[in-house]
Amino acid sequence: MSAAATGLPEGWGMVIGLEVHCELATETKLFCCCPNSFGDQPNANTCPTCLGLPGSLPVLNERAVELAMRVGRALACDVRRSVFARKNYFYPDQPKVYQVSQYDLPTNEHGHLDLPSGLRVGITRAHIEEDTGKLTHVGGGGRIHDASHSLVDYNRAGVPLVEIVSEADMRSSDQAREYVAELRSILLATGVSDAKMEEGSMRVDANVSVHREGEPWGTRCEIKNLNSLRSLGRAIDHEALRQIDLLDAGDTVRQETRHWDEASGRTGTLRVKEDADDYRYFPEPDLVPLEPSAEDIRRIDAALPVLPAARRAALAGAAGAPTIGAVAIAVERDLDTLALEAITAGADPARVLTHVEHNLAVEGAQRVSAAHLAALVQMETRGELTATQAKATLAEVVATGDDPAAIAKAKGYEAMGADALETLVDGVIAAHPGEWEQFRTGDDKAKGKLTGFFMGKVMQASKGQADGKAATALLRAKASA
Amino acid sequence: MPAGDGSEAALLAARRPLARPYDGPRMASLSRDEVAHVARLARLQLSEEQLDTFTPQLAAILEHAADVEALDLADVPATSHPYPLKNVWRPDVPRDAGIREAVLDQAPDAEAGMFRVPPVLGEAP
Amino acid sequence: MSPVDTARSTAAAVRAGERSARSVVEAHLGAIGERDGELHAFNLVTADAALAHADEIDAQVAAGHDPGPLAGVPIAVKDNLCTAGVPTTCSSKILDGWRPPYDATVVQRLRAAGAVSVGKTNLDEFAMGSSTENSAFGPTRNPHDTSRVPGGSSGGSAAAVAAGFAPLALGSDTGGSIRQPAAFCGIVGAKPTYGAVSRYGLVAFASSLDQIGPFATDVADAALLLEVISGHDPLDSTSIPKPPLSLSSTLQQGVEGLRVGVVKELLDAEGIHPDVASRTRAALEALEGAGAKIEEVSVPAVIYGLSAYYLIAPAEASSNLARYDGVRYGLRVDAPTTGEMYDRTRTAGFGAEVERRIMLGTYALSAGYYDAYYGKAQKVRTLIIRDFEAAYERCDVLLSPTAPTTAFELGAKADPLAMYLNDVCTIPSNLAGHPAISVPFGSGDDGLPVGVQIMAPAMGEATMFRVAAALEGARA
Ligand SMILES: [Zn+2]
């Protein structure tokens, strides 16, 4: 791997570890039968357990366990015996005044995630825990410090989460974004979560620290609740520069939790780490350990879909090496199967991936049949369609599902075969003997200049139906003949 | 005479050959500041007087636990559940508990179907 | 003490239509009215609801339906068990007036069996205590001598049964809170195997130790009540997935050939009052006379039980009682910020013993102390379980005093640690999760009842109750 471009001043580096909270796509909450749903009347989805009423007890949701283990296996983790623990702290969004989470014995440990760029990011753990309720601050413009009072809705309290903790393996905000994008695609592919960052069903906290190359890493700060890839990248870059400024000025970085303000483009102090962080974890006595059998794990593995990394590998293998970016995009758009089938049907891989990358970023692209895409690319390769015509034809294929040959014919994209093109080019040369002489005898620079002139004439004569690439190649061939 | 009066010290001495006999609360290793810190963690507002009372009482109890603290149990597994069970769960089927109104009616303060609290200074730890 | 019919005879008479549930309930409400002003066994007497329920049962009988094995039997319910719509206070100011929107599983099962709840009984606040003096609503007094405590924390339930207010009561036992008051009040009280009875709806004190259990005037009634409330409950993840206990059918099988061990560490100590020790030895002789084989066994790790218990129970309590924060239910003392509201509410709402245990538990779990205190105490549990297992290889049941002394005077144990020492014989069963029962066996020189404790391995209730019945028979 080449060193990541960090955008930091010369001689500085940053390191990033990410904690991603992701809501599991279950019907009910983690420990009670209340619906796990968003947008209902406040406190509609509550019961004695998720309100922490005296005497209530938790009973684990089997589906949540299944989904959490699925995440673990998709991230190549060891799925192991795990124990729930109570994390004790006072805050009104926490109905029991402790959060049931996992501490020293999480369900998933020691995995990794391979990114499209080739970077492998270690997964420290992916554990199961419950979400908190939601606080609304009233008065003072909704800001916490100026509010006259706050209101608590426990509909979200007890919603199942997995918290996926990465190793500090990323060295730039681009890598962090790539990691989150890849993780998100896995969560979607496995059906574990709807992973909507904007709606909060996927929330990212970033731990950032910096150093001068050759020196140990500095104190890290945690930036909480980043809710888009854009915010994630900007917040990390801003935070790294803030820390460098402090260190450059001879100050020290305080260990603290910070928040990102998208509007001002800055991070600000949320909370300095202090003694309230003594969470007094201990094993949750109201729940018993989870002990998946080897058979359970085999069953989960068998039910996993083909993951993005494997899909990328399959497509790249069929398409040839220098197409990594386009391959990643094809998988991201879920068009890799289409591309792979079109290539298998004999279409030129580069042209297929070009269409997938540039011309199929549209609604309904998944409906295009591989046979139609292959036929279109083959017409293009044979010179029967120009690039521009192929793009317009493909748009029609997406919209109508019709056969590309029929569309091209209807649009009047008459086949300009190789013979017709040559006749046309010969005519243009004959009409401009002076320019042709200069082109024929000139150096590369002169040829380059006059190519534009001749192409203009060719397009004019063909009413735009000539294939520019083929015409240029023909000109050069004739000049050196 | 009520049975058992004055027998606690003797009882303790008999039970704990490793600990010295219990002869009532005393000032011990636990400091008043530590007690005040613990009270803050537990969100209890102890008066100066209560701190004075609690400190020696808690110290005495912890001192009594000193024999447990002194045991070498490195190879002994912990028991968190006396009756070992595993993989206890329920199906993912929703059910309406139907207690919303009853709970909100009894809330110390409610507004718009939510629990109302005074201003919350600071984010969750 | 008013003479009391057993729950068995009452239920039989009601089921046969020989006696109305209303008359049964009225008689008991009459007894409560006469004497509970003096004893304060109840925080709340639900007379109207009880009579209405009794009428329902009579209607069922009249219609030819069987209301169940406890038809028309009045029962007193410890006030830390949730009762839908009926105040459940835990004898704490912090829950004063709170009406749960749901019933505890045991309360549902009682109702399904035809039992009639007559009210909620007093306890040490959140079940933390051994005398029922730590109640925000005042102490309960021992029916045998009102200058004495009834024991605790289920002192109200024990006093209610001993005073004839109800033939049955439910208590909860975290470190002896059923067995010690049963001993002090001269009745039968049992703590089942951890997980044998659902904790759903029991307001938690120490979750890995708490169990609900029966009080009764005799062993057979206690067995019947335990049969009704036991059995798997999907609402409690620690509930043992087995059908209800079957006890009554084997109760009278005697102890011929059973091996009964007396736990040396819990009998020979100087702290055990001589009267209590001699009654325990008399119980051994009685069982031997009934055909049991007697031997002395050692369970060495029990000497660490008290220390381990007073780390584990407060630690779990400190977490379980964090939810009383004034946000959702119960007491709130207003303040300008939520943080100050927490402090004021909790300080005003909890009594001194609860505060002390929350402090102790918070400390035992806090950073830097977990391994030395809570972690070590959990390992001591393992040692105690291993030592018990070794003893149960040689014995079917084990015997010890229930409490070191007979009932003491109100106010006699102002020092917390002195009070904690009362639990020394009962705590090991909670730490091990094993069942144990206290059976009255005579009295001390002071004329106050003495209880003998019979312990058994996990799910060994049937044998334990058999031995208890034999001991009860020998007493007569
Ligand atoms: Zn719920």
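Quick caveat: nothing in here was measured; it's all calculated off a predicted structure. (Residues numbered from 1 in each chain as written. Chains lettered and ligands numbered in written order. Predicted model: local features only at pLDDT ≥ 70, side-chain atom pairs only at ≥ 80, totals over all residues. Heavy atoms only, no water.)

Moving on, we get to the environment of Ala16 of chain C. Relative to the elements of secondary structure, Ala16 of chain C occurs in the loop between α1 (7–15) and α2 (21–39). As for Ala16 of chain C and Val61 of chain C, which are separated by 45 residues in sequence, their C-alpha atoms are 7.9 Å apart. (Helix = DSSP H or I, 4+ residues; strand = E, 2+ residues; numbered from the N terminus.)

Estimated volume of the second largest pocket: approximately 860 Å³. Along the wall of the second largest pocket there are 41 residues; nearest its centre are Val83 and Pro283 of chain A, Ala78 and Ser80 of chain B together with Tyr370 of chain C. Elements with a contribution of two residues or more to the lining of the second largest pocket: β4 (84–88) and β15 (282–283) of chain A together with α13 (371–394) of chain C. Among the elements that make up the lining of the second largest pocket, the one with the highest residue count is α13 of chain C (seven residues). (1 Å grid on protein atoms, 1.4 Å probe; cavity = no way out; pocket = protein on both sides within 12 Å on 5 of 7 lines; lining within 4 Å. Points joined across faces, edges and corners; volume = space filled by probe spheres on them.)

Listed by partner, the interface residues are 56 residues for chain A and 36 residues for chain B. Of the roughly 4200 Å² buried between chain A and chain B on both sides combined, carbon and sulfur atoms contribute 62%. Looking at the side of chain A facing chain B, the largest losses of area belong to Cys33, Leu151 and Val288 of chain A, adding up to 13% of the total buried there. Seen at the junction of chain A and chain B, the total is one salt bridge. With its nearest N and O atoms 3.7 Å apart, the salt bridge here joins Glu291 of chain A to Lys86 of chain B. Counting every contact that joins chain A to chain B gives 20 residue pairs in polar contact (both at pLDDT 80 or more). Only β2 (60–61), α1 (62–74), β9 (149–153) and β14 (266–272) of chain A provide two or more residues apiece to the side of chain A that touches chain B. At five residues, β9 of chain A tops the list of elements feeding residues into the side of chain A that touches chain B. Each residue belonging to the side of chain A that touches chain B can be placed in one class, and the counts come to 34 nonpolar, ten polar and twelve charged. For β2 of chain A and strand β1 (residues 89–90) of chain B, the ladder comprises two bridges, and the chain directions are parallel. Across the sheet, Leu60 of chain A pairs through a bridge with Trp89 of chain B, a residue of β1 of chain B. (Contact = heavy atoms within 4.5 Å. Buried area = accessible area lost by both parts, 1.4 Å probe. Salt bridge = Lys/Arg side-chain N within 4 Å of Asp/Glu carboxyl O. Polar contact = N/O pair within 3.5 Å; in protein donor to acceptor, adjacent residues only side chain to side chain. Nonpolar A, V, L, I, M, F, W, Y, C, P; charged D, E, K, R; others polar. Pairing = 2+ DSSP bridges.)

Glancing now at the packing of helix α8 (residues 349–359) of chain A against helix α9 (residues 370–381) of chain A. Residues and elements named next belong to chain A. Viewed as axis vectors pointing N to C, α8 and α9 meet at an angle of 120°, and their least axial separation amounts to 10 Å. Of the two possible hands of crossing, α8 and α9 adopt the one that is right-handed. Taking contact as the criterion, the partners of Arg351, Val352 and His355 in α8 are, on α9, Leu373, Leu376, Val377, Glu380 and Thr381. Of the residues contributing to the contact of α8 with α9, the split by class is four nonpolar, two polar and two charged. (Axes fitted to C-alpha atoms, helices over the stretch in contact; angles between N-to-C directions. Left-handed = near helix turned anticlockwise from the far one by under 90°.)

The next thing to look at is the side chain of Ser91 of chain C. Residues and elements named next belong to chain C. Tracing the backbone through its elements, the reader meets Ser91 in the loop between β2 (74–78) and α4 (105–112). For Ser91, a relative accessible area of 0% gives the class buried. A distance of 3.5 Å separates the side chain of Ser91 from the side chain of Ser135, its partner in a polar contact. Not counting the four nearest positions on each side in its chain, Ser91 is found in contact with Asn43, Asn122, Leu123, Glu125, Ser135, Ala136 and Phe137. (Buried < 20%, exposed > 50% of the residue type's maximum accessible area, 1.4 Å probe, protein only.)

Within chain B, residue pLDDT values average 80, and 78% of them lie at 70 or more. Low pLDDT (under 50) marks residues 1–28 of chain B, which in the prediction has 62 contacts with non-local residues, meaning those over four places away or in another chain. (pLDDT = per-residue confidence, 0-100.)

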